[in-house]
Amino acid sequence: LSKLDLKRYGSYRCINFIDNNILKEAHIGFYSLIGMSSCLITDYSSVFYDYMLLDRPIGFAVSDIEEYGSERGFVFDDPLCKMPGELLENGDDFLKFAAKTMEGKDDFARMRRKLSDEFNRYCDNKNCERVLSFLR
C-alpha cells in the first residue's frame, strides 16, 4: 500500500487517508483519533498491539514484507502468524478489506482476541494505578 495511488480512491465517501502532517496541522494526536476509527490499516508498526484492545478489524499492508524483513528484520521468525488481520498486498486488497469492514464482516476476531490476550496482559483500565503502585 505504500505505492497506493490515493487519487484512485479519493472518490470513496467512507475512506479517508490521513497522514501525520494532516494530524499535526489539526493539532490532533494519533492515539486520540485511533479510538474513533472503525478499523486500522498499518504496516509492521507495533500500533496494532494497542489497537487489538479495541477489538476492531486490522489490515496489514505487506507489499514490501520481503524487503522489510531483509533490511530491518522482525521480532518473530514468522511475523505473518502474529498479524491478526487481512494481509493487504495491493489496492484491490485494500478495497476488499474496506468493504468487509463496512459490512461488519470480521474473519480475524478470534485470532485477534487470542493474540491480544497473549500480548496485552491487563485489559481493565487500571494500568496507571499499577504504575503508580510500582513507583511508590
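Everything below is about the structure shown above.
Residues numbered from 1 in each chain as written. Predicted model: local features only at pLDDT ≥ 70, side-chain atom pairs only at ≥ 80, totals over all residues. Heavy atoms only, no water.

## Re unusual backbone geometry
Both trends apply: most residues other than glycine have a negative phi, and most peptide bonds are in trans. One non-glycine residue, Asp 55, lies in the positive phi region at around 55°. With respect to the secondary-structure elements, Asp 55 resides in the loop between α4 (47-51) and β2 (58-61). Judged by relative accessible area, which is 30%, Asp 55 ranks as partly exposed. The phi angle at Asn 125 is positive, at roughly 65°, despite the residue not being glycine. Take Asn 125: it is sitting in the loop between α7 (109-119) and α8 (127-135). (Helix = DSSP H or I, 4+ residues; strand = E, 2+ residues; numbered from the N terminus. Buried < 20%, exposed > 50% of the residue type's maximum accessible area, 1.4 Å probe, protein only.)

## With respect to a nonpolar patch on the surface
Judged by side-chain polarity, Val 131, Phe 134 and Leu 135 come together as a nonpolar surface patch covering roughly 370 Å² of accessible area. Inspection of the secondary structure assignment puts Val 131 in helix α8. (Patch = residues over 30% accessible without salt bridge, like charges linked within 9 Å, V, L, I, M, F, W, Y side chains within 5 Å. Areas by Shrake-Rupley, 256 points an atom, 1.4 Å probe, with all protein chains shown as cover. Salt bridge = Lys/Arg side-chain N within 4 Å of Asp/Glu carboxyl O.)

## Description of the side chain of Ser 116
Tracing the sequence through the fold places Ser 116 in helix α7. For Ser 116, a relative accessible area of 6% translates into the label buried.

## Quick word on the pairing of β2
Side chains Ile 58 and Phe 60 of β2 all project onto a buried face; the interleaved residues Gly 59 and Ala 61 project onto the opposite face, where all are buried too. As defined by bridge partners, strand β1 (residues 40-42) adjoins β2 across 3 bridges and the pair is classed as parallel. Looking at β2, one finds that Leu 40 is bridged to Ile 58. Where β2 and strand β3 (residues 86-88) come together, 3 bridges link them in parallel fashion. Bridge pairing links Phe 60 to Leu 87 in β3. Each parallel crossover has a hand, and for β2 linked through helix α5 (residues 65-71) to β3 it is right-handed. (Pairing = 2+ DSSP bridges. Right-handed = clockwise from strand over helix to strand, strands pointing away.)

## Re the packing of aromatic side chains
Under the criterion given, the structure shown has 6 aromatic pairs. Relative to Phe 119, the ring of Tyr 49 lies with its centre 4.9 Å away and its plane at 70°, an arrangement referred to as edge-to-face. Linking Tyr 49 in helix α4 with Phe 119 in helix α7, this pair joins segments that are 70 residues apart in sequence. The class of Phe 119 is partly exposed, set by a relative accessible area of 28%. Among the aromatic side chains, those forming a connected cluster through ring pairs are Phe 48, Tyr 49, Phe 60, Phe 76 and Phe 119. If you follow Lys 82 out to its NZ or CZ, it ends over the ring of Phe 76, 5.4 Å from the centre. The cationic tip of Arg 130 hangs over the ring face of Tyr 122; the distance from NZ or CZ to the ring centre is 3.5 Å. (Phe/Tyr/Trp six-rings, centres within 6.5 Å; stacked < 30°, edge-to-face > 60°. Lys NZ or Arg CZ within 6 Å of the ring centre and 35° of its normal.)

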